[in-house]
Amino acid sequence: MLEYNLVDEPWLALRPLDGGPPVHLGIAEALTRAREFDGLSVDFATQLPAVLRQVLLPVVVAALGAPATAAAQGERLARGEFSAQEKECLLAYLAEHRSRFELFDEAAPFAQVAGLRTAKDETKGTAALVATAASGNNVPLFASRSDADPLDLTPAQAAHWLLHTHCWDTAAIKTGVVGDDQAKAGKTTGNPTGPLGQLGVIVPMGRTLYETLQLNIPVIAAANLGKPQWERPPANPAWEQRPVEGLLDLWTWQARRVRLVPEQDGVGGTKVTRVVISAGDRLAAMPEWEPHTAWTFTPPAKKTPSRAPERRPRRHTQGKAAWRGLEALLAPVRQNDEGTFETSVLLDRIGALQEDGRLAADYPLRVETFGMVYGTQSAVVEDVVHDAIPLPLLALHQDSETRLFLLDVAEQAEQLARALNNLSADLRRAVGADPIPWDKGQRPGELLLHVLDGLVRRVLAGAREAGGDEDRLERGRFAWEETAAWRTWEHADALLAAAPASAFAGRTVNQTGKPGKTHTFSLGTAADSFSREVARILPRHAHTARTAVRDRAGALEDTVKTPSGAHVDH
């Protein structure tokens, strides 16, 4: 039997705090040395939450338990590392369950089904595991390889993609296997995506891997933990739809039945070239306590106004930076039925830790967001969403100045983009053209948001360092508005300069829904409307600009009234 045990084989890449190349370790050493690393290094962004949820977090919680109170969570964070006793417990736990972490075990391979096979003993290339590789109908645009090309994976790579499959696999038809009584004609239909594919995943990140682990463990009673998959009987080809039985069951959910097919690589090593993937367990419902997502509340239909709003996981929007969803990230746990969003329970708890004085206001929290964009009935991967932003802890408090400031900044950026799009539309109407459709082409507002992106991230970092100092926040507001106005007018000037001569005369059209009334679109009216809109969006900049104009006008008036050569004291 080929041996590769995840407890001590160097399959995890970790970034040292002092820089340098990644260090490769097994689970045991990665956890006991967690304070020495700033985080995991993975080949593909969405592997990170998969490794955290399927392995590292459940091992820690299963071995040490979860904090039952905020005080207990604060104490763990303040310690900065696992205590000597906790390290002993972690090592003892891993030793007790070591056999279940054997990747190629003949009886109970890790996160797989031993002997999984189709009726004809067919296997697929390992591209079926890899979200970025061409496989069947899942062919990434401009892929450099085809489904027929072999894709050899090292055991470490295969382990990462195995976990990724359980979390993010595409939906639709899966291969029927022997022992799956629900398969028909060699296929199983109706499969949902992996559990994380149904969420907009939010992962708070600390200064070290140890802190990241602690920030991602919710406060929860021991009775609600359940068991991870390696403490349960080994899975068999049959699957079921069932409710989640605790946090550890959710984190290690076996959404697919998989068997890796290893072989010798000819130089004494092991490679994985073939795989069997079939249908796995289906969540009866996404638990309302899922910790790694924010939530959206959908109002009830008009026919059933008495029903409570429906609470659904909030998914990230393709092509949008994480800060453009700040309203949801900073929404505290809902107090009544009027809420629209609710943040992750993890972020809500982190805000409470700061409010209780267990985390400093300037703690360098980073939030990483992950999502998968599926197409054609969720059977193919179209895009991956991943972003990371600094997040001030004070912004997690309902009425804090920091929260209001950041929400204002995010909304101002969106409004400036809309104003620029409206300027473009008015200029196009002035020459008889239609505005650029919102879902086609690239509108100038999107280019502006791209330019403002770095500026907003500096605002977030600056607000974190300000630690609630209102003077620093006000200076930040002023600096943001001045720079945002300058960048916006750069783009506006380019549009105005590119307008053809016919835009000066403009074009008069009848107003829709207002018989007898007309409106004239011209370069002058478009520029004037845009200028007023920017002044409304950025009031501090507008006030400064008006003051500067008055000062210049006053200086000119004094120059005109003063005889040539005369000296005037001011």
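Up top is the structure these notes are about.
The present account deals with the structure reproduced in this document. Note that the structure is predicted; figures quoted are calculated from it, not measured.

Considering the overall build of the protein
Here is step 1 of the chain: The number of helices and strands found in the protein is 15 helices and 18 strands.
Here is step 2 of the chain: Relative to its 570 residues, the protein shows a buried fraction of 47%.
Here is step 3 of the chain: Considering only residue pairs separated by 6 or more positions, the protein has 69% of its internal contacts joining residues 24 or more positions apart.
Here is step 4 of the chain: Put simply, the protein shows about 27,200 Å² of open surface, and 50% of that area lies on carbon and sulfur atoms.

Quick notes on the packing of helix H10 (residues 401-430) against helix H11 (residues 444-466)
Here is step 1 of the chain: Where H10 contacts H11, the two axes come as close as 9 Å, and the packing angle between them is 165 degrees. What the angle tells us is that H10 and H11 run roughly antiparallel. Two packed elements cross with a definite hand, and for H10 against H11 that hand is right-handed. Together, Thr402, Phe405, Leu406, Val409, Ala413, Glu414, Leu416, Ala417, Leu420, Asn421 and Ser424 of H10 and Pro444, Gly445, Leu448, Leu449, Leu452, Val456, Val459, Leu460 and Ala463 of H11 make up the contact between the two elements.
Here is step 2 of the chain: Grouping the constituent residues of the contact of H10 with H11 by class yields 15 nonpolar, four polar and one charged.

A closer look at a negative patch on the surface
Here is step 1 of the chain: Taken together, Glu401, Asp469, Glu470 and Asp471 make up a surface patch of like negative charges.
Here is step 2 of the chain: With respect to the element layout, Asp471 can be found in helix H12 (residues 470-498).

So, the packing of aromatic side chains
Here is step 1 of the chain: Applying the stated criterion across every chain, the model contains six aromatic pairs.
Here is step 2 of the chain: A ring pair is formed by Phe101 and Phe110, whose centres lie 5.4 Å apart and whose planes are at 20 degrees; its orientation type is stacked.
Here is step 3 of the chain: Relative accessible area serves as the criterion here: at 0%, Phe101 is assigned to the buried category.
Here is step 4 of the chain: Overall, Phe110 belongs to the buried group, its relative accessible area being 1%.
Here is step 5 of the chain: Here the aromatic residues Phe101, Phe110 and Trp230 are joined through ring pairs into a cluster of three or more.
Here is step 6 of the chain: The aromatic ring of Trp295 is capped on one face by Arg311, whose charged end is 3.9 Å from the ring centroid.
Here is step 7 of the chain: One Lys or Arg, Arg487, reaches over the ring of Trp486 and ends 4.5 Å from the middle of that ring.

Overview of the sheet that holds strand E2 (residues 23-25)
Here is step 1 of the chain: Read across the open sheet, the three strands follow the order E2-E1-E3; overall the sheet is antiparallel. This sheet does not close on itself; its edge strands, each paired only once, are E2 and strand E3 (37-41). Averaged over all neighbouring strand pairs, the angle between strand axes comes to 40 degrees, with direction disregarded.
Here is step 2 of the chain: Contacts from helix H2 (residues 47-64) reach strand E1 (12-16) and E3 within the one sheet, and its direction differs from that of E3 by about 105 degrees.

Structural notes on the environment of Leu163
Here is step 1 of the chain: Among the secondary structure elements, Leu163 is positioned in helix H5 (residues 155-168).
Here is step 2 of the chain: Not counting chain neighbours up to four residues away, the residues in contact with Leu163 comprise Trp11, Ala50, Val51, Gln54, Val55 and Phe110.

As for helix H9 (residues 345-355)
Here is step 1 of the chain: Along H9, the positions that sit buried rather than exposed are Leu346, Leu347, Ile350, Gly351, Leu353 and Gln354. The buried residues of H9 occupy an angular sector of 155 degrees when projected down its axis, which confines them to one face.
Here is step 2 of the chain: Residues of H9 that are buried in the fold lie against helix H3 (70-79), strand E7 (201-205), helix H6 (209-215), helix H8 (326-329) and strand E15 (366-375).
Here is step 3 of the chain: Residue Ser344 occupies the N-cap position of H9, its side-chain oxygen lying 3.0 Å from the main-chain nitrogen of Leu346.
Here is step 4 of the chain: Following H9 by one or two positions, Gly357 has its phi on the positive side, about 80 degrees.

Details of the pattern of salt bridges
Here is step 1 of the chain: Inspection of every chain in the model, using the stated rule, returns 35 salt bridges.
Here is step 2 of the chain: Of the charged contacts, one joins Glu29 and Arg33 as a salt bridge, the two residues approaching to 2.9 Å between their closest N and O atoms.
Here is step 3 of the chain: Judged by its relative accessible area of 24%, Arg33 falls in the partly exposed class.
Here is step 4 of the chain: One connected set of salt bridges, linked through shared partners, spans Arg232, Glu240, Arg242, Glu245, Asp249, Arg257 and Asp281.

Focus: the sheet that holds strand E14 (residues 341-342)
Here is step 1 of the chain: Across the sheet, which stays open at both edges, the three strands sit in the order E13-E12-E14 with antiparallel pairing between neighbours. Whereas interior strands pair on both sides, the edge strands pair on one side only; in this sheet they are strand E13 (310-313) and E14.

Some thoughts on the pairing of E1
Here is step 1 of the chain: With four of five residues buried, E1 is to be regarded as a mostly interior element.
Here is step 2 of the chain: When E1 meets E2, the two strands line up antiparallel, connected through three bridges. Each bridged residue has a counterpart across the sheet, and for Leu12 the counterpart in E2 is Leu25.
Here is step 3 of the chain: Linking two consecutive strands that pair antiparallel, namely E1 and E2, is a turn of six residues; a positive phi of about 85 degrees is found at Gly19 within it.
Here is step 4 of the chain: Both E1 and E3 contribute to a ladder of four bridges, which runs antiparallel. Each bridged residue has a counterpart across the sheet, and for Ala13 the counterpart in E3 is Ser41.

Comments concerning the pairing of E15
Each regular strand carries side chains that alternate between the two faces of the sheet.
Here is step 1 of the chain: With nine of 10 residues buried, E15 lies mostly within the body of the structure.
Here is step 2 of the chain: The sheet contact formed by E7 and E15 spans five bridges and is antiparallel. Considered in E15, the bridge of Val203 is made with Glu368.
Here is step 3 of the chain: The turn joining E15 and strand E16 (residues 380-390), which pair antiparallel and follow one another in sequence, is formed by four residues; a positive phi near 50 degrees is taken by Thr376.

Let's talk about the packing of H2 against H5
Here is step 1 of the chain: Contact pair H2 / H5: the axes reach a minimum separation of 9 Å and the direction vectors enclose 90 degrees. As far as their axial angle goes, H5 and H2 are roughly perpendicular. The residues of H5 that touch H2, namely those facing Gln47, Pro49, Ala50, Val51, Gln54 and Val55, are His160, Trp161, Leu163, His164, His166, Cys167 and Trp168.

Here's the deal with the side chain of Arg76
Here is step 1 of the chain: Residue position: Arg76 is located in helix H3.
Here is step 2 of the chain: Summary of buried charges: Arg76 has no salt-bridge partner, and the nearest side chain of opposite charge, Glu86, is 4.7 Å away.
Here is step 3 of the chain: Those residues in contact with Arg76 that sit more than four places away from it in its chain are Leu64, Gly65, Ala66, Pro67, Tyr210 and Gln214.

Concerning the nonpolar core
Here is step 1 of the chain: Judged by nonpolar contacts, the single largest core of 71 residues is most densely connected at Trp11, Ile27, Leu56 and Leu260.
Here is step 2 of the chain: In terms of residue count, the dominant contributor to this core is H2 (10 residues).
Here is step 3 of the chain: Each residue touching Trp11, except ones within four places of it in the same chain, is listed here: Tyr4, Leu6, Leu25, Gly26, Ile27, Val51, Val55, Ala156, Ala159, His160 and Leu163.

What about H5?
Here is step 1 of the chain: Over its 14 residues, H5 runs 20 Å from end to end, which matches the ideal 20 Å to within 8%, given 1.5 Å per residue.
Here is step 2 of the chain: Burial analysis of H5 places 13 of its 14 residues in the buried class, the great majority of the element.

Rules and cut-offs
- Residues numbered from 1 in each chain as written.
- Predicted model: local features only at pLDDT ≥ 70, side-chain atom pairs only at ≥ 80, totals over all residues.
- Heavy atoms only, no water.
- Helix = DSSP H or I, 4+ residues; strand = E, 2+ residues; numbered from the N terminus.
- Buried < 20%, exposed > 50% of the residue type's maximum accessible area, 1.4 Å probe, protein only.
- Contact = heavy atoms within 4.5 Å.
- Areas by Shrake-Rupley, 256 points an atom, 1.4 Å probe, with all protein chains shown as cover.
- Axes fitted to C-alpha atoms, helices over the stretch in contact; angles between N-to-C directions.
- Parallel < 35°, antiparallel > 145°, perpendicular 65-115°, else oblique.
- Left-handed = near helix turned anticlockwise from the far one by under 90°.
- Nonpolar A, V, L, I, M, F, W, Y, C, P; charged D, E, K, R; others polar.
- Patch = residues over 30% accessible without salt bridge, like charges linked within 9 Å, V, L, I, M, F, W, Y side chains within 5 Å.
- Salt bridge = Lys/Arg side-chain N within 4 Å of Asp/Glu carboxyl O.
- Lys, Arg positive; Asp, Glu negative; His and termini not counted.
- Charge placed at Lys NZ, Arg CZ, Asp CG, Glu CD.
- Phe/Tyr/Trp six-rings, centres within 6.5 Å; stacked < 30°, edge-to-face > 60°.
- Lys NZ or Arg CZ within 6 Å of the ring centre and 35° of its normal.
- Pairing = 2+ DSSP bridges.
- Arc of directions from axis to C-beta.
- Polar contact = N/O pair within 3.5 Å; in protein donor to acceptor, adjacent residues only side chain to side chain.
- Core = buried A, V, L, I, M, F, W, Y, C linked by side-chain atoms within 4.5 Å.
- Expected span 1.5 Å × (residues − 1).

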